[in-house]
Amino acid sequence: MEGLNDNQIEPDDTYILKEDKLSLIRTIKNIYQNTMPWADDVLMRVLVKQHYNNVIENMDKEEYLNELKNSNINNLLDYID
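First things first, this report covers the structure right here in the doc. Remember, it's a predicted structure, so these values are computed and weren't measured experimentally.

## Side note on the environment of Leu-43
Working step 1: On the secondary structure map, Leu-43 appears in helix 2 (residues 41-57).
Working step 2: It is 10.0 Å that separates the C-alpha atoms of Leu-43 and Tyr-32, two residues lying 11 residues apart in sequence.

In structure tokens, the structure reads:
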């Protein structure tokens, strides 16, 4: 884990869909590109990674998984009509 202290562990994001991870990273990157256009690539990567990890740490896993499940059920029900 490059750049992390030994006592820092990256949060578990294995349950999050790849497209949701990418969307989150793009959104966070966009925030910092708009608010800190002067930041170089190294600083930008650190800021985005720290923000991403913070979001994942504070995310409600069960709520996310339930939302996915309900979304899939609703999508299937749309095909019945």
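Additional details are given in the paragraphs that follow.
## Things to note about a negative patch on the surface
Working step 1: A cluster of acidic residues, Glu-19, Asp-20, Asp-60, Glu-62, Glu-63 and Glu-67, forms a negative patch at the surface.
Working step 2: Put simply, the parts of the chain that give the negative patch at least two residues each are helix 1 (18-35) and helix 3 (61-80).
Working step 3: A per-element tally of the negative patch places helix 3 first, with 3 residues.
Working step 4: Exposure remark for Glu-67: the relative accessible area of 53% places this residue in the exposed category.

## With respect to the packing of aromatic side chains
Working step 1: Here the structure, examined in full by the defined rule, presents 1 aromatic pair.
Working step 2: When the ring of Tyr-15 is compared with that of Tyr-64, the centres are 5.8 Å apart and the planes differ by 70 degrees; the resulting orientation is edge-to-face. Note that Tyr-15 is positioned in the segment before helix 1 and Tyr-64 in helix 3, a separation of 49 residues in sequence. Note on accessibility: Tyr-15 and Tyr-64 belong to one class, buried.

## Some words on the environment of Ile-25
Working step 1: The topology assignment puts Ile-25 in helix 1.
Working step 2: Taking the C-alpha atoms as reference points, Ile-25 and Val-48, 23 residues apart in sequence, are found 7.0 Å from one another.
Working step 3: Discounting chain neighbours no more than four positions away, the residues touching Ile-25 are Val-48 and Tyr-52.

## Let's talk about a nonpolar patch on the surface
Working step 1: Residues Ile-73, Leu-77 and Ile-80 make up a contiguous nonpolar surface patch of about 290 Å² in total accessible area.
Working step 2: Along the chain, the position of Ile-73 falls in helix 3.
Working step 3: Residue classification places Ile-73 among the partly exposed residues on the basis of a relative accessible area of 40%.

## Considerations on helix 2
Working step 1: Relative to the 24 Å expected for 17 residues at 1.5 Å per residue, helix 2 spans 24 Å between its end C-alpha atoms, a close match to the ideal helical length.
Working step 2: Those residues of helix 2 lying buried are Met-44, Leu-47, Val-48, Tyr-52, Asn-53 and Ile-56.

Definitions and cut-offs
- Residues numbered from 1 in each chain as written.
- Predicted model: local features only at pLDDT ≥ 70, side-chain atom pairs only at ≥ 80, totals over all residues.
- Heavy atoms only, no water.
- Helix = DSSP H or I, 4+ residues; strand = E, 2+ residues; numbered from the N terminus.
- Patch = residues over 30% accessible without salt bridge, like charges linked within 9 Å, V, L, I, M, F, W, Y side chains within 5 Å.
- Areas by Shrake-Rupley, 256 points an atom, 1.4 Å probe, with all protein chains shown as cover.
- Salt bridge = Lys/Arg side-chain N within 4 Å of Asp/Glu carboxyl O.
- Lys, Arg positive; Asp, Glu negative; His and termini not counted.
- Charge placed at Lys NZ, Arg CZ, Asp CG, Glu CD.
- Buried < 20%, exposed > 50% of the residue type's maximum accessible area, 1.4 Å probe, protein only.
- Phe/Tyr/Trp six-rings, centres within 6.5 Å; stacked < 30°, edge-to-face > 60°.
- Contact = heavy atoms within 4.5 Å.
- Expected span 1.5 Å × (residues − 1).

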